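A closer look at the structure
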Amino acid sequence: MIKVTAVIVTYADRFNLLKQVVNACFASNVSQIIIVDNNSDKNSREKLRDFYEKHKEQVTVVWNKSNLGSAKAYKQGLQKAYEIKDHDFIWMLDDDNKPRENALKILKDFWKIRPEQVETLLSFRPDRNQYKQAVYENDPNLVLGSDNSFLGFHLIDKISKFFGKSKKVNKEKCFGEIAYAPYGGMFFNKSILDEIGYPNEDYFLYSDDHDWSYRITKANKKIYLLLDSIVDDIDTSWAIKDKKSSTFKKMSKAPSFRLYYTVRNRMLFEKKYLIKNVLIYKFHQFLFTTIFFSYSYRSKNFKIFSKATKDAKENNLVNFE
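Just so it is clear, the model here is predicted, and its values are computed rather than measured.

1. Description of a nonpolar patch on the surface
A contiguous nonpolar surface patch, about 660 Å² in accessible area, is contributed by Leu155, Ile156, Ile159, Phe162, Phe163 and Phe283. Take the nonpolar patch: its biggest share by element is four residues, from helix H6 (residues 155-162). Tracing the sequence through the fold places Phe162 in helix H6.

In structure tokens:
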């Protein structure tokens, strides 16, 4: 019997979202739920305390006195889950990732027949189209971005997209390999933590999940996305909400701390794994910076962008203030 512990991180005033996710976990027969409260707002925290009192047998809450970021919070949750002796499996969810009926059952059933070297499964979040495309195109690295791209920006990719160069796809596929994964939807046997460890706290927020999950791939193991195991984002990410706006426009209006960590941490990831030619990388950085300047020179966000790129270059991992 596969016993599953769900690990969920919450913050701010999001109990209305968290409750939906937890109830969906109960309906999915999750055995235990570990919630890391990352210093949520008073209103949300009080509601969570009341909820916890009613569900102590199935729910454990880690109460943080400050927001420690997603990397530290998920590390705390994973450590707690690892300690539960008779539960070998972990399902990670954000506090707005509401599993659909049978989402967990599909993961469990596939786990029993999974191909060799597949050590992690991922539920599909419909607003993450790039992951689905990686499965359709049978290209696990599609989610990574091209080598020598800057923040995912690569001139050849843009030219190919402009001229409508299409790739061969198989839309009949319902599962396939991806190179890395977000926290939300990851399913695995906790024994893998012995090999890849825990998220890097220095990332604080953004790309910490990519850095952590990519260790699985680098260890010659595989992550499979199951398109039939669906988890809905009931609150859309700031980076996805306005689908018609360009990346540059979204970044020019992004909250300061989100922009900083998005840029700094993605650059750290690219430096570690994706730069094969420094000159080409710097060329793409120059192009991206020039275009972003035209969108943001009147706002403080260009200064924040510049600070983030400088800190990434110098491996300065202090928290944003």
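2. Description of the packing of aromatic side chains
Evaluated as defined, the whole model comprises 32 aromatic pairs. Each ring, one from Phe175 and one from Tyr224, has its centre 5.9 Å from the other, and the planes form 25°; the classification is stacked. Highlighted residues: Phe175 in strand S7 (residues 175-178) and Tyr224 in strand S9 (residues 222-233), separated in sequence by 49 residues. Overall, Phe175 belongs to the partly exposed group, its relative accessible area being 33%. The class for Tyr224 is buried, based on a relative accessible area of 13%. A connected cluster of aromatic rings, assembled from ring pairs, spans Phe150, Phe153, Phe248, Tyr281, Phe288, Phe292, Phe293, Tyr295, Tyr297, Phe302 and Phe305. When the ring centre of Trp63 is taken as reference, the NZ or CZ atom of Arg49 above it lies at 4.1 Å.

3. Focus: the nonpolar core
Counting residues in each nonpolar core, the largest one holds 41 residues, and the members touching the most others are Ile90, Met92, Ile178, Met186, Phe188, Trp212 and Leu225. When residues of this core are assigned to their parent elements, the largest contribution, five residues, is made by helix H3 (residues 69-83). Counting 31 residues, the second-largest nonpolar core is a separate cluster that includes Cys25, Ile33, Phe89 and Leu226.

4. Concerning the pattern of salt bridges
Under the counting rule described, the total for this entry stands at 20 salt bridges. Arg14 serves as the salt-bridge partner of Asp96, at 3.5 Å between the closest nitrogen and oxygen. Of the two residues, Asp96 sits in the loop between strand S4 (89-94) and strand S5 (97-99) while Arg14 sits in the loop between strand S1 (4-10) and helix H1 (15-27), which places them 82 residues apart along the sequence. By relative accessible area, Asp96 is classed as buried at 8%. One salt bridge connects Glu201 with Lys75, and the closest N-O pair in it is separated by 2.7 Å. Linking Glu201 in the loop between helix H7 (193-196) and helix H8 (208-218) with Lys75 in helix H3, this pair joins segments that are 126 residues apart in sequence. The buried category is assigned to Lys75, whose relative accessible area is 19%.

5. Some remarks on unusual backbone geometry
Backbone geometry at Leu151 places phi at a positive 55°, although glycine is not the residue there. By relative accessible area, Leu151 is classed as buried at 19%. Even without being a glycine, Asn220 presents a positive backbone phi close to 65°. By the secondary structure assignment, Asn220 is in the loop between H8 and S9.

6. Digging into the pairing of S1
The buried count for S1 comes to seven of seven residues, which makes it a mostly enclosed element. On S1, burial covers both faces: Val4, Ala6, Ile8 and Thr10 on one face and Thr5, Val7 and Val9 on the other are all buried. In terms of strand pairing, S1 meets S4 through six bridges, oriented parallel. The residue bridging Ile8 from the neighbouring strand is Leu93, located in S4. Taken together, S1, H1 and strand S2 (residues 32-38) constitute a β-α-β crossover, and its handedness is right-handed.

Rules and cut-offs
- Residues numbered from 1 in each chain as written.
- Predicted model: local features only at pLDDT ≥ 70, side-chain atom pairs only at ≥ 80, totals over all residues.
- Heavy atoms only, no water.
- Patch = residues over 30% accessible without salt bridge, like charges linked within 9 Å, V, L, I, M, F, W, Y side chains within 5 Å.
- Areas by Shrake-Rupley, 256 points an atom, 1.4 Å probe, with all protein chains shown as cover.
- Salt bridge = Lys/Arg side-chain N within 4 Å of Asp/Glu carboxyl O.
- Helix = DSSP H or I, 4+ residues; strand = E, 2+ residues; numbered from the N terminus.
- Phe/Tyr/Trp six-rings, centres within 6.5 Å; stacked < 30°, edge-to-face > 60°.
- Buried < 20%, exposed > 50% of the residue type's maximum accessible area, 1.4 Å probe, protein only.
- Lys NZ or Arg CZ within 6 Å of the ring centre and 35° of its normal.
- Core = buried A, V, L, I, M, F, W, Y, C linked by side-chain atoms within 4.5 Å.
- Pairing = 2+ DSSP bridges.
- Right-handed = clockwise from strand over helix to strand, strands pointing away.

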